[in-house]
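So the chains spell out like this:
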Amino acid sequence: MKILNDEHFSEYQEYPEVTAKAPCRFHMVGEHSWFFKDKTLSFAADIPVYVAVSKRDDSVLKFYFVQAGEHKKANVTSVKYKKEDRWANAVKAVFYGYVSGGFDIGGFNLTVYSPVLPSAGFGITTAIKVATAIALRKLFNLNCSDPQLLQVLERGNKRFLQINNYISDNYSCLFSKKGNLIVTDHNKNSWDYIPFNFEGKKIIIVDTHVPRFTVWNEEVLFEPSNALLLGDLKESKASAYGGWRYITDVTDINEGLSMVSELTKHRLLSVMREHNDIQDAVDGINKGDFFKFARSINHSHESMRDYYEASCPEIDWILKRVSELEPNLDTLRNPVSCGRITGKGFGRCLYAVIRESDVEKFKEKLRDFEKIFAFKCDMYEVEPSDGAKLLND
């Protein structure tokens, strides 16, 4: 990528020795259910994040983010987390993940080039980490397999950044394949490819720029006792994707969740619905049944809105307009479009799967949104992308 090479040269007076790219991503369903060992359906999008690196002959680490216009610096002997370093902490986490695992890394210059900033929430920070990880592996000729690289990312997340390590983020960024979605099974620590090809459809992601908000602390749901309750509500089912589903009998569910508060019950019900929605979405994709796929996505958003309480009026307004692109009562059962809020926690982004012929109508609805709510949206048309790779090989 010429512009990346030129930016690296302009910053460091040398061309990069290694360049890499990794896709951004969003989770279609299931990003909140990792703790309960369920599944996550993810979409690696063809909006790449690029990283360029070159060795230094000292122990200095220098980082430059082109679009942010920011310069950061550290030293191999004193790499510390600093809140003000923001995106650079992702690079430092990868460095820490390597050296804490016994890998030898010296000083380097690094340039990040991304058309979307990390604040958008489309997995840009994960893409920076993954692209950095494979670039440094090549630059320093590290004997590091892919499973070891996943451990590098985990150490960086848990020990350096002190955040959860979401394997669905890492898998979708590293191992995604063009034309496919990726399903992470958190129980087996594995992933699977789901070919995604609905004729005449466009996938659009939207950053609404609505301020992120938290109406409740999501972490309070992640208790072992809650995981045990949900474990008792699982049943083997050979015909279901993955071999099991949550039970659907209302009486049995109410009895199983009778020991928790009503609010916790609603949120656990949302987790149960999410897993079953993933299975229905996968079944719809495999059978080429867009109606079933779309119903599961719309149903998942309803869960996020009504049970998990993760949505907001602004995002709900846009998704209501998505459902109105075809003003036909039958679309409730056989929807020609679908959409959902996306992002861990309580985000500001959404995605929609609509007909190609409706793209201009959707853009018009977004312009109406901007007039009504006074937030300027960023919209991207995307397709499923390959995972991270080196550009020099």
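Residues numbered from 1 in each chain as written. Predicted model: local features only at pLDDT ≥ 70, side-chain atom pairs only at ≥ 80, totals over all residues. Heavy atoms only, no water.

Engineer: Report on the side chain of Ser54, specifying residues and quantitative values.
Structural biologist: The topology assignment puts Ser54 in strand β2 (residues 39–55). Within the structure, Ser54 has its side chain in polar contact with the side chain of His8 (distance 2.9 Å). In contact with Ser54, not counting residues within four places along its chain, are His8, Glu14, Tyr15, Pro16, Glu17, Phe108, Asn109 and Leu139. (Helix = DSSP H or I, 4+ residues; strand = E, 2+ residues; numbered from the N terminus. Polar contact = N/O pair within 3.5 Å; in protein donor to acceptor, adjacent residues only side chain to side chain. Contact = heavy atoms within 4.5 Å.)

Engineer: So, a nonpolar patch on the surface: which residues are in play, and what are the values?
Structural biologist: Nonpolar side chains collect at one region of the surface, where Met1, Ile3 and Leu391 lie side by side and expose about 210 Å² of accessible area between them. Within the fold, Met1 resides in the segment before α1 (2–12). Met1 sits in the partly exposed class, given a relative accessible area of 34%. (Patch = residues over 30% accessible without salt bridge, like charges linked within 9 Å, V, L, I, M, F, W, Y side chains within 5 Å. Areas by Shrake-Rupley, 256 points an atom, 1.4 Å probe, with all protein chains shown as cover. Salt bridge = Lys/Arg side-chain N within 4 Å of Asp/Glu carboxyl O. Buried < 20%, exposed > 50% of the residue type's maximum accessible area, 1.4 Å probe, protein only.)

Engineer: Any details on the nonpolar core? Residues and values, ideally.
Structural biologist: Among the nonpolar cores identified, the biggest contains 82 residues, and Met28, Tyr98, Phe108 and Phe293 are the most heavily contacted of them. Looking at which element gives the most residues to this core, the answer is helix α3 (residues 124–139), with 10 residues. Aside from chain neighbours lying at most four places away, what touches Tyr98 is Phe103, Ile105, Ala133, Leu136, Arg137, Leu142, Cys144, Leu149 and Val152. Core analysis: the next-biggest nonpolar cluster, separate from the first, contains 42 residues, Ile247, Ile253, Met304 and Ile315 among them. (Core = buried A, V, L, I, M, F, W, Y, C linked by side-chain atoms within 4.5 Å.)

Engineer: Describe helix α10 (residues 313–323), with residues and values.
Structural biologist: Three or more residues of α10 are buried, namely Glu314, Ile315, Trp317, Ile318, Leu319, Arg321 and Val322. Each element contacted by the buried residues of α10 is listed here: α9 (290–306), β11 (338–342), β12 (349–355) and α11 (359–373).

Engineer: I'd love a proper account of the sheet that holds strand β8 (residues 201–207), names of residues and values included.
Structural biologist: Strand order in the open sheet formed by 4 strands is β11-β12-β8-β13, with antiparallel pairing between adjacent strands. Pairing within the sheet leaves two strands with one partner each, and these edge strands are β11 and β13 (378–382). Taken over all neighbouring pairs, the strand axes of this sheet differ in orientation by 20° on average, direction set aside. Sitting on the sheet, α9 touches β8, β11 and β12, and the angle it makes with β11 is about 35°. (Pairing = 2+ DSSP bridges. Axes fitted to C-alpha atoms, helices over the stretch in contact; angles between N-to-C directions.)

Engineer: Explain the packing of helix α4 (residues 146–161) against helix α5 (residues 167–175) to me, using residue names and the numbers behind them.
Structural biologist: The N-to-C vectors of α4 and α5 enclose an angle of 135°; their axes lie 11 Å apart at closest approach. Considering their axes alone, α4 and α5 lie oblique with respect to each other. In terms of crossing hand, the pair formed by α4 and α5 is right-handed. Across the interface between the two elements, Asp146, Leu149, Leu150 and Leu153 of α4 pack against Asn170, Tyr171, Leu174 and Phe175 of α5. (Parallel < 35°, antiparallel > 145°, perpendicular 65-115°, else oblique. Left-handed = near helix turned anticlockwise from the far one by under 90°.)

Engineer: Run through unusual backbone geometry, naming residues and quoting values.
Structural biologist: Unusually for a residue other than glycine, Asn189 sits at a positive phi of about 50°. In this fold, Asn189 is placed in the loop between β6 (180–185) and β7 (190–195). For Asn189, a relative accessible area of 47% puts it in the partly exposed group. Even without glycine at this site, His209 takes up a positive phi of about 65°. Inspection of the secondary structure assignment puts His209 in the loop between β8 and α6 (224–231).

Engineer: With reference to specific residues and values, describe the pairing of β6.
Structural biologist: Among the 6 residues of β6, 6 are classified as buried, and the element is accordingly described as predominantly covered. Here β6 shows two buried faces, one formed by Asn180, Ile182 and Thr184 and the other by Leu181, Val183 and Asp185. Pairing of β2 with β6, which is carried by 4 bridges, proceeds in the antiparallel orientation. Looking across to β6, one finds that Ser42 is bridged to Ile182. Here β6 runs beside β7; their pairing, made up of 6 bridges, is antiparallel. Note that in β7 the partner of Val183 across the bridge is Asp192. In sequence, β6 turns back onto β7 through a hairpin of 4 residues, with Asn189 there showing a positive phi of about 50°.

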